[in-house]
Amino acid sequence: MPPPPTEALRRAAASLGALDWIRIAVLVLGLVFVATGLLPADTARSSVGRIAPLLLFLFSVIILAELTKEAGVFDAIAQRMAKAGRGNYAALFLLCVAFASLTTVFLNLDTTAVLLTPVMLVLAARARIATLPLAMTTVWLANTASLLLPVSNLTNLLAADRVALETRAFAARMWVPQLAVLAVTMVLLWVFYWRRRMRGEETYDPPAPVPVQDRVLFSATGAACLLFIAAILAGVHTGIQLGVAATAAAVVAVVAFAVRDRSVLRPALIPWQLMVFVTGLFLVVPTLERFGLDDAMRALIGDDGGTAGAVRAAFSGAGLSNVLNNLPAYVAGESAVPASNKDQLLSLLIGTNVGPVITPWGSLATLLWFEWCRRWDVRVPMRTFVLAGSALAVAGSAAAVGALLLTG
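Reference entry: report on the structure contained in this document.

Conventions we followed
- Residues numbered from 1 in each chain as written.
- Predicted model: local features only at pLDDT ≥ 70, side-chain atom pairs only at ≥ 80, totals over all residues.
- Heavy atoms only, no water.
- Phe/Tyr/Trp six-rings, centres within 6.5 Å; stacked < 30°, edge-to-face > 60°.
- Helix = DSSP H or I, 4+ residues; strand = E, 2+ residues; numbered from the N terminus.
- Buried < 20%, exposed > 50% of the residue type's maximum accessible area, 1.4 Å probe, protein only.
- Lys NZ or Arg CZ within 6 Å of the ring centre and 35° of its normal.
- Patch = residues over 30% accessible without salt bridge, like charges linked within 9 Å, V, L, I, M, F, W, Y side chains within 5 Å.
- Areas by Shrake-Rupley, 256 points an atom, 1.4 Å probe, with all protein chains shown as cover.
- Salt bridge = Lys/Arg side-chain N within 4 Å of Asp/Glu carboxyl O.
- Polar contact = N/O pair within 3.5 Å; in protein donor to acceptor, adjacent residues only side chain to side chain.
- Expected span 1.5 Å × (residues − 1).
- Contact = heavy atoms within 4.5 Å.

Thoughts on the packing of aromatic side chains
Move 1: Counted under the stated rule, the structure contains 12 aromatic pairs.
Move 2: Taken together, a centroid distance of 5.7 Å and an interplanar angle of 85° make the contact between Trp140 and Tyr193 edge-to-face. Of this pair, Trp140 sits in helix 7 (residues 131-144) while Tyr193 sits in helix 9 (residues 167-194), placing them 53 residues apart in sequence.
Move 3: Taking 6.0 Å as the distance between ring centres and 15° as the angle between the ring planes, the aromatic pair formed by Trp369 and Phe385 counts as stacked. Placement of the pair is Trp369 in helix 17 (residues 364-375) and Phe385 in helix 18 (residues 382-406), with a sequence separation of 16 residues. Each of the two residues, Trp369 as well as Phe385, counts as buried.
Move 4: Among the aromatic residues, those joined into a ring-pair cluster are Tyr89, Phe93, Trp190, Trp194 and Tyr204.
Move 5: In this structure, Arg215 is placed above the aromatic ring of Phe218, and the distance from its NZ or CZ to the ring centre is 5.9 Å.

Have a look at this one:
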């Protein structure tokens, strides 16, 4: 017999973590702004309408990635990485960087934070190696590897529409800045977390392989991911097209599980936390813009379309991201950049993508990563996290903006 509604609600409320309550509070605050007239209804509809296709994409790609993980695809890749490294930490480092980067590029940075983090933590446990290097590789690359494609980051989708760049054109403009920031990320990862004194061992023992439980699900979800990646490479770029492509791929995975293992298809798959948080932000930020944030960002970023304006935009975006969050930082900064200053807007994008690695709330991906670390009892030294993150935010943003301007 199911529990009474009040008991079910009590249990649901008890299961919510601190981050969940913050997300709900952001949405409630946004709704209060609309109800009280602080945010006009027309502005609210326009803001939410802008992100509706992006929410469809986010909803679908998270479900696709979650089912892909349930089928063991990510675990299999991680095991093969450890085996391919043959006990050599330098080789494992390069493989982890490649895996985290590709996941971020093609499946979104939040997917990397939500799904790749536990895979890396399991890999560390099975190979009996230090956890923090693998964990930091995941969170840093979730942010810094998110420049290349519109799908890599929600902010990219917004920027791609603003500067009228389709997927291939966007990638053509951003691939050099992406390589530049990846090089900086790799150097700082090794210096702060991967060198011998930090990891504590000279070599590691590759873990024994774990067999795939269901080859049909493994193949179907892997094919669904390839279908989605193929759609991206074929030139899909708008929010609606990406949402449809991600939904089609997710449907393939859902059908496969409906046939083979329905127990996995539970409500917990629905990424309601992300939907609530993003919707709330797109109600709160426009309200703040009406009451001074817009003017403050214009004064901070300026309207210089040259080198000085690009640098100001990047570091203003990075700074505000670590104070608030990168999504509202980008939205607020975007309105302050003149429509003709495309390099300045892309520099703002660089700052809000690369910069949010100093504070735990800098980006949603970082917040999600911290939640996983808490669940797995991974100790993250905050002093090192802040100092190393500051070095990465400054050096990475500078390298990427420099590359953008040199190739403009």
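Quick word on a nonpolar patch on the surface
Move 1: Residues Val251, Val255 and Val259 make up a contiguous nonpolar surface patch of about 270 Å² in total accessible area.
Move 2: Secondary-structure assignment places Val259 in helix 12 (residues 239-260).
Move 3: Since its relative accessible area comes to 66%, Val259 is described here as exposed.

Thoughts on the environment of Ser347
Move 1: Positionally, Ser347 belongs in helix 16 (residues 342-354).
Move 2: Separated by 102 residues in sequence, Ser347 and Ala245 have C-alpha atoms that sit 28 Å apart.
Move 3: Among the polar contacts made by the side chain of Ser347, one reaches the main-chain carbonyl oxygen of Asp343 at a distance of 2.8 Å.

Structural notes on helix 17
Move 1: Compared with the 16 Å implied by 1.5 Å per residue over 12 residues, the 17 Å span of helix 17 between its first and last C-alpha is a close match.
Move 2: For helix 17, a buried count of 10 out of 12 residues is recorded, marking the element as mostly surrounded by other parts of the structure.
Move 3: All buried positions along helix 17 are accounted for by Leu364, Ala365, Thr366, Leu367, Leu368, Trp369, Phe370, Glu371, Trp372 and Cys373.
Move 4: The secondary structure elements touched by the buried residues of helix 17 are helix 2 (18-35), helix 6 (109-127), helix 7, helix 13 (272-301), helix 15 (326-336) and helix 18.
Move 5: Looking at the residues trailing helix 17, positive phi occurs at Asp377, about 55°.

A closer look at the pattern of salt bridges
Move 1: All told, the structure shown has six salt bridges when counted by the stated rule.
Move 2: In this structure, Arg45 engages Asp42 in a salt bridge whose closest nitrogen and oxygen atoms are separated by 2.3 Å. Placement of both Arg45 and Asp42 in helix 3 (residues 41-70) is noted, with a separation of three residues, approximately one turn of the helix.
Move 3: Given a relative accessible area of 56%, Asp42 falls into the exposed group.

As for the side chain of Ser146
Move 1: Looking at where Ser146 falls in the secondary structure, it is placed in the loop between helix 7 and helix 8 (154-163).
Move 2: For Ser146, a relative accessible area of 0% corresponds to the buried category.
Move 3: Within the structure, the side chain of Ser146 is placed 3.3 Å from the side chain of Asn153, a separation counted as a polar contact.
Move 4: The contacts of Ser146, once residues within four sequence positions are left out, are Thr104, Leu109, Leu141, Ser152, Asn153, Asn156, Gln178 and Asn353.

Some remarks on unusual backbone geometry
Move 1: The phi torsion at Arg86 lies on the positive side, around 50°, for a residue other than glycine.
Move 2: If you trace the backbone, Arg86 turns up in the loop between helix 4 (73-85) and helix 5 (89-107).
Move 3: Phi is positive for Asn108, which is not a glycine, with a value near 85°.
Move 4: Relative to the elements of secondary structure, Asn108 occurs in the loop between helix 5 and helix 6.
Move 5: Given a relative accessible area of 0%, Asn108 falls into the buried group.

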